[in-house]
Structures are given as C-alpha cells and as structure tokens.
Amino acid sequence: MELNSAGFQLITDRLIIRPMTMADEADLFEYQSLPEVVKYIPWPARTLEQVHEALAKSIAESKFDNEGDYGLLGIELASSKKIVGQLALMYRSAENQTAEFGYVLNPKYSGHGYATEACKALLTYIFETGKFNRIFAHLDARNTASENLVKRLGMRKEAHIEEEEFFKGEWCDAIIYGILKREWLP
Ligand SMILES: CC(C)(COP(=O)(O)OP(=O)(O)OC[C@H]1O[C@@H](n2cnc3c(N)ncnc32)[C@H](O)[C@@H]1OP(=O)(O)O)[C@@H](O)C(=O)NCCC(=O)NCCS
C-alpha cells in the first residue's frame, strides 16, 4: 500500500488523512514538544531538531506492505490545512492478518471528535485492503483519554497485562483493545 505516495489520502467530513511532508514540521513540533502529549507514548518531548529527524525518518521508511512495516499518516484539518495529529499503522502479522494502530492529537484540537473520525477512516481503510482480520491498539492502562477513544470506536477490551513494561521510570500496566473485520465492516 502506497502510504508514501503523494496521492494517498483518506477523506472524511472534516479531515484529510495523508502522508506527512517536511513542510508539516512546525505543526508537529506544536504537539510533539509537549510533555503531556508524550506521557504515555515511547518518545520524549521532542525538540525541533528531534521532530525534524523523526519526521525525515518516518517519511523515508513509512510503508504498510509487509509484516514488520510501520506507517505514519498526518491528520489534516480540511478547513485550515493544518496537521492536528497523526496516525500510526503497524503490520504485525501476515499469517494472522493482524495490524496495530496508534494516534496522537494536538491537545489544542482535542474534544471535537477528530481522533475518533480519523481512526474510523483508518480502520475502514485497513480492513478494506482485504489483508487484515484483526486490528488492535496497545494502551497504557492509565491513559483514559485513549481508552475512551477505543471504546468510542466500539473496540473490545481483550487484555489487561500487569506491569507489562518498565516505562519512563515505573512499572506500567498495559491494556489491549481489538476489533475484527466482521465486527467493523458491514
Ligand atoms: C488519545 C487522544 C487522541 C484522544 O483525544 P480526544 O480529543 O479525547 O479524542 P477525539 O478527538 O475523538 O474527541 C473526543 C471528545 O470530543 C467529543 N466530541 C465532540 N464532537 C464529537 C464528534 N463529532 N465525534 C466524537 N466525539 C466528539 C467527545 O465527546 C469527546 O469528549 P470527552 O472526552 O469530553 O468525552 C488524545 O488524548 C491524545 O493525543 N493523547 C496523547 C497521545 C496518546 O496518549 N495517544 C495514545 C497512545 S495509545
């Protein structure tokens, strides 16, 4: 799937989900630099230089064709053309047709349903490729905003793993939410 091609996009009522470009750097810095945004995700609050490096790496490496691939997409607000967040897709298993996804939203744009709208479009896209039977999200158990999002999407809680990870200086529980193709697609 050509996630890197300039032509790739998913259009929703208010959003355009599209590959990032280096021109998006300032929009990304606006939220990737905030400690509260990265509290439950595995990178530090980024400097502008770190945003630049991470963005260049993900543009170069973003793909979603084979097991092990990782793709990054921007969430653009159609009305302003601004990137207000990002989606990550991870191709976890070809044999078991499993993908994982993740999401980050600029907190200035929280509370409007943008993350929900973007994730709905992403799940539909992933299932409609015909290559996946199950999609899951892996969350820090303390991340209630994220858990509320996967619940809004209608995903099922599949697991609660005690002290799964020693993360940012402490033992943290993880929760897994999943959904099957037959549950998502009509
Ligand atoms: C997780 C995260 C994306 C959730 O963001 P969010 O703004 O709560 O989610 P949405 O954009 O879907 O907005 C939902 C909120 O908008 C409200 N809303 C308004 N209009 C809406 C609409 N049309 N559709 C759905 N919800 C709508 C909902 O009621 C909800 O409000 P509530 O939280 O007061 O109940 C955000 O908290 C985040 O980026 N966190 C930091 C990064 C992170 O931890 N990512 C997850 C890693 S697993």
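As a reminder, the structure under discussion sits directly above these lines.
All of the points below concern the structure found in this document. (Residues numbered from 1 in each chain as written. Predicted model: local features only at pLDDT ≥ 70, side-chain atom pairs only at ≥ 80, totals over all residues.)

## Section: the overall build of the chain
Along its length, the chain carries six helices and eight strands. Written out in order from the N terminus, the α and β elements of the chain read β-β-α-α-α-β-β-β-α-β-α-β-β-α. Its C-alpha atoms give the chain a radius of gyration of 16 Å, near enough to 16 Å, the size a compact globule of 186 residues would have. By principal-axis analysis of the C-alpha atoms, the chain measures approximately 40 × 35 × 30 Å. Residue burial in the chain is summarised as follows: out of 186 residues, 29% are buried. Across the chain, contacts joining residues at least 24 apart in sequence account for 56% of those joining residues at least 6 apart. (Helix = DSSP H or I, 4+ residues; strand = E, 2+ residues; numbered from the N terminus. Rg over C-alpha atoms; globule rule 2.2 N^0.38 Å. Buried ≥ 20, exposed ≤ 12 C-beta atoms within 10 Å, placed from the backbone. Contact = placed C-beta atoms within 7 Å.)

## So, the packing of helix α1 (residues 25-32) against helix α3 (residues 48-61)
In contact at an axis separation of 9 Å, α1 and α3 are set at 120° when each is read in the N-to-C sense. In terms of axis orientation, α1 runs oblique to α3. For the pair α1 and α3, the crossing hand works out as right-handed. Here α1 contributes Glu25, Leu28, Phe29 and Gln32 to the contact with α3, which in turn contributes Leu48, Val51, His52 and Leu55. Across the contact of α1 with α3, the residue classes tally to five nonpolar, two polar and one charged. (Axes fitted to C-alpha atoms, helices over the stretch in contact; angles between N-to-C directions. Parallel < 35°, antiparallel > 145°, perpendicular 65-115°, else oblique. Left-handed = near helix turned anticlockwise from the far one by under 90°. Nonpolar A, V, L, I, M, F, W, Y, C, P; charged D, E, K, R; others polar.)

## Description of the environment of threonine 98
In this structure, threonine 98 sits in strand β5 (residues 98-105). Through-space distance from the C-alpha of threonine 98 to that of phenylalanine 136 is 7.8 Å; in sequence the pair is 38 residues apart. Each residue touching threonine 98, except ones within four places of it in the same chain, is listed here: Arg92, Ser93, Phe132 and Arg134.

## Notes on the site of the ligand
By nearness alone, 20 residues border the ligand, and Ser110, Gly113, Ala115, Thr116 and Ala145 come closest of all. Mapped onto the shell around the ligand, the elements with two or more residues apiece are β5, α4 (114-128) and α5 (144-152). (Near = placed C-beta within 6 Å.)

## Let's talk about the pairing of strand β7 (residues 156-167)
Where β7 and strand β8 (residues 170-180) come together, eight bridges link them in antiparallel fashion. When the sheet's bridge partners are listed, phenylalanine 167 is paired in β8 with glutamate 170. Between β7 and β8, which pair antiparallel and follow one another directly, the connecting turn spans two residues, one of which, lysine 168, has a positive phi of 50°. (Pairing = 2+ DSSP bridges.)

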